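Secondary and tertiary structure notes
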Amino acid sequence: MNILPHNDEYWINLAFKEAEKAFEKKEIPVGAVIIHNNQIVGRGHNMRESLNDPTAHAEIIAITSAASTLNSWRLDDCTLYVTLEPCAMCAGAVLNARIPRLVFGAYDSQAGMCGSVDNLCDMNLLNHKTIVKGGVEADKCQSILTSFFNTIRTPKSDLDY
């Protein structure tokens, strides 16, 4: 695997820019980028609401984009950077794409399957494992999620009824 000239914080901040795009579209603000040979080959942000697609998570969109760019479903020389710990579906997609390294920002204590609830990327049952590093720029990645949920859960005033 190639050593990237930029550090993990650099790349996770580019994933954060994708999360900001999701926020602007009133989507849960999660963003992802996939790096190959020190370049972004895939990017994505949550689009479940706008596409009416339960699988339109940032990671899935970025993986599809990278596979198209590289003309291969095997992303074995890539690193995925995502602002929130992947769920079971996305962790499975990471493994199926043979991505060897995953770096994420905020932990997800409710649905995170790369260390919080469980770690699908390190199960002995599967033929592929992914090295996982979590907590990169965690406060920043958590803050956009907190802002988003505070915005949509703001209690209505008496005048709104």
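The preceding data block contains the structure.
Here's a quick rundown of the structure. Since this is a predicted model, take the numbers as computed values, not measurements.

Section: the nonpolar core
Judged by nonpolar contacts, the single largest core of 43 residues is most densely connected at Ile-34, Ile-63, Leu-75, Leu-80, Tyr-81 and Ile-99. For this core, the secondary structure elements donating two or more residues are helix H1 (8-24), strand E1 (31-36), helix H3 (58-70), strand E3 (78-84), helix H4 (88-96), strand E4 (101-106) and helix H5 (138-152). The biggest single contributor to this core is H1, with 6 residues. In contact with Ile-63, not counting residues within four places along its chain, are Ile-34, Leu-75, Ala-93, Val-94, Ala-97 and Ile-99.

Structural notes on the sheet that holds E4
Backbone hydrogen bonds are what pair the strands of a sheet, in a parallel or an antiparallel way. Spatially, E2-E1-E3-E4-E5 is the arrangement adopted by the 5 strands of the open sheet, whose pairing is mixed. What marks the edges here is a single partner per strand, and that holds for strand E2 (39-45) and strand E5 (131-133). Across the sheet, the axes of successive neighbouring strands diverge by a mean angle of 15°, strand direction being ignored. Taken together, the 5 bridges between E1 and E3 define a ladder with antiparallel strand orientation. Residue pairing for E3: His-36 is matched across the bridge by Cys-78.

As for the side chain of His-45
By the secondary structure assignment, His-45 is in strand E2. Given a relative accessible area of 8%, His-45 falls into the buried group. A distance of 3.1 Å separates a polar atom in the side chain of His-45 from a polar atom in the side chain of Glu-18. Each residue touching His-45, except ones within four places of it in the same chain, is listed here: Glu-18, Lys-21, Ala-22, Lys-25, Val-30, Gly-31, Ala-56, Ala-58 and Ile-61.

A word on unusual backbone geometry
Trans is the prevailing form of peptide bonds, just as negative phi is the prevailing case for residues other than glycine. Positioned with a positive phi, Asn-38 is a non-glycine residue whose angle comes to about 65°. Positive phi values are uncommon outside glycine, yet Asn-71 reaches one of about 55°. Among the structural elements, Asn-71 can be located in the loop between H3 and E3. With a relative accessible area of 71%, Asn-71 lands in the exposed category.

Each value, and the rule that gives it
Residues numbered from 1 in each chain as written. Predicted model: local features only at pLDDT ≥ 70, side-chain atom pairs only at ≥ 80, totals over all residues. Heavy atoms only, no water. Core = buried A, V, L, I, M, F, W, Y, C linked by side-chain atoms within 4.5 Å. Buried < 20%, exposed > 50% of the residue type's maximum accessible area, 1.4 Å probe, protein only. Helix = DSSP H or I, 4+ residues; strand = E, 2+ residues; numbered from the N terminus. Contact = heavy atoms within 4.5 Å. Pairing = 2+ DSSP bridges. Axes fitted to C-alpha atoms, helices over the stretch in contact; angles between N-to-C directions. Polar contact = N/O pair within 3.5 Å; in protein donor to acceptor, adjacent residues only side chain to side chain.

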